[in-house]
Amino acid sequence: MNTIEITMSPAVSHLLEVTAKTHRIDSLEQYFLDPASSQLDFTFEPEWHDFVDQVSNAWKTNHHMVVRNMPTDNGASTLLAALSLPARFKPYRDQKIVKHFKMSPWTEELSQTIKEGHFHTDLNTAPIPPAATVIHCIKSDPDPKMGVSRVALLSDLINHLEKVGATETLTFLTETQVDMVDERKQSAWSGLIVESDAIRFHPETLRAAARRLNSLPEDLEAYLAQIHESALAVSEPIHLAPGDAIFVSNKRALHYRGACTAQFTMFPHEFQTREIYVLHLQEEPQWSV
Ligand SMILES: [Fe+2]
């Protein structure tokens, strides 16, 4: 699987920058969460339409893409660029859409730890997880070789597991009822990890459920290791520079972030690390023909 790369043109970048400058991020968020809102002016420009066509083609081919050279600001450009994936934004808290994450050497929190992450889908214990995730890099890891991203397509993962004869892991993914628990959100979900060509998966929510409910097969760790190995084999490193983003299906792909570093400017509280904006879309993007 090759990741499709799109470079945002200076014209589209300019449209986003101008729009971002003339609106506050919270009023944009509120505007986009109101179903009665009409389209913003810039979305009628031909350059924007060309960009949306590229995004739509990449999504339909590969369920994810890298978009390079997006503007960076307070998250408004993240939000505006994500309009190229037509679907409702998923709010968290009242009227917020864009989340900011700065990695930290002082937390175990999965979304912010500098430790290596897992291949996973987001919000996997939610009754209906979001269908898409946008990850927009604002600051790269201080070490250019670290904080690398990867995307493993579900279809490639399944094919690889078949190829290496990992039948028990395949059964675990597609036929075994499992429980997932998110201790931080106090949410839980039970069902199949892979169903109807969609995956919901996070090793830590499976482990948390196993600890709490003692309900998972003994071979859980072996399955998780096999899934990680196959996901690594079918994915490639993606390096995000500031302004670059990953648009990725949260149903047809797993995403991953490698270990990060922190560069202290004043120990212990001032440091440079990877910083990203993240947002989610509720349903599969649908482009009108
Ligand atoms: Fe994630």
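Conventions and cut-offs
Residues numbered from 1 in each chain as written. Predicted model: local features only at pLDDT ≥ 70, side-chain atom pairs only at ≥ 80, totals over all residues. Helix = DSSP H or I, 4+ residues; strand = E, 2+ residues; numbered from the N terminus. Buried ≥ 20, exposed ≤ 12 C-beta atoms within 10 Å, placed from the backbone. Core = buried A, V, L, I, M, F, W, Y, C linked by C-beta atoms within 7 Å. Contact = placed C-beta atoms within 7 Å. Pairing = 2+ DSSP bridges. Axes fitted to C-alpha atoms, helices over the stretch in contact; angles between N-to-C directions. Parallel < 35°, antiparallel > 145°, perpendicular 65-115°, else oblique. Left-handed = near helix turned anticlockwise from the far one by under 90°.

An unreviewed UniProt entry lists the chain under the name TauD/TfdA-like domain-containing protein, with Methylovulum psychrotolerans given as the organism.

Undergrad: Looking at this structure, I do not really get unusual backbone geometry. What am I missing?
TA: Where the residue is not glycine, phi is negative for most of them; where a peptide bond is considered, it is trans in most cases. A cis amide bond, omega 0°, links Phe267 with the succeeding residue Pro268. For Pro268, the location among the structural elements is in the loop between β12 (263-266) and β13 (270-272). Even without glycine at this site, His63 takes up a positive phi of about 60°. Examined against the element boundaries, His63 turns out to sit in the loop between α3 (46-62) and β2 (64-68). A count of 21 C-beta atoms within 10 Å places His63 in the buried class. In the Ramachandran plot, Ser196 falls in the positive-phi region, its phi being about 50° despite a non-glycine side chain.

Undergrad: Explain the nonpolar core here, please?
TA: Taken as a class, soluble globular proteins show a tendency for nonpolar side chains to be buried jointly. Grouped together as the largest cluster of nonpolar side chains are 66 residues, with contacts concentrated most on Ala152, Ala245, Phe247 and Leu279. Sequence-distant contacts of Leu279, defined by excluding residues within four places in its chain, comprise Thr78, Leu79, Ala82, Phe89, Ile97, Val98, Lys99 and Val134.

Undergrad: Honestly, the sheet that holds β2 in this entry has me stumped. Any pointers?
TA: Strand-to-strand pairing in sheets goes through backbone hydrogen bonds, with the strands running parallel or antiparallel. On the basis of which strands lie adjacent, the open sheet formed by 6 strands has the order β1-β2-β10-β4-β14-β3 and mixed pairing. Both edges of this open sheet fall to β1 (5-7) and β3 (99-102), since each of them pairs with a single strand only. Across the sheet, the mean angle from the axis of one strand to that of its neighbour is 20°, orientation sign disregarded. Inspection of the sheet shows β3 paired to strand β14 (residues 275-281) by 4 bridges, in the antiparallel sense. Residue Lys102 lies in a different strand from β14, and its bridge partner there is Glu275. Running over the sheet, α3 touches β1, β2 and β10 (245-249) and is turned about 150° from β2.

Undergrad: Any chance you could explain the packing of helix α5 (residues 154-163) against helix α8 (residues 220-234) here in plain terms?
TA: Describing two packed helices takes the angle between their axes plus the distance from one axis to the other. One way to put it is that α5 packs onto α8 with a least axis distance of 9 Å and a crossing angle of 115°. The orientation of α5 with respect to α8, classified from their angle, is roughly perpendicular. Crossing angle aside, the handedness with which α5 passes α8 is right-handed. Residue-level contacts link Asp156, Leu157, His160 and Leu161 of α5 to Ser230, Ala231, Ala233 and Val234 of α8.

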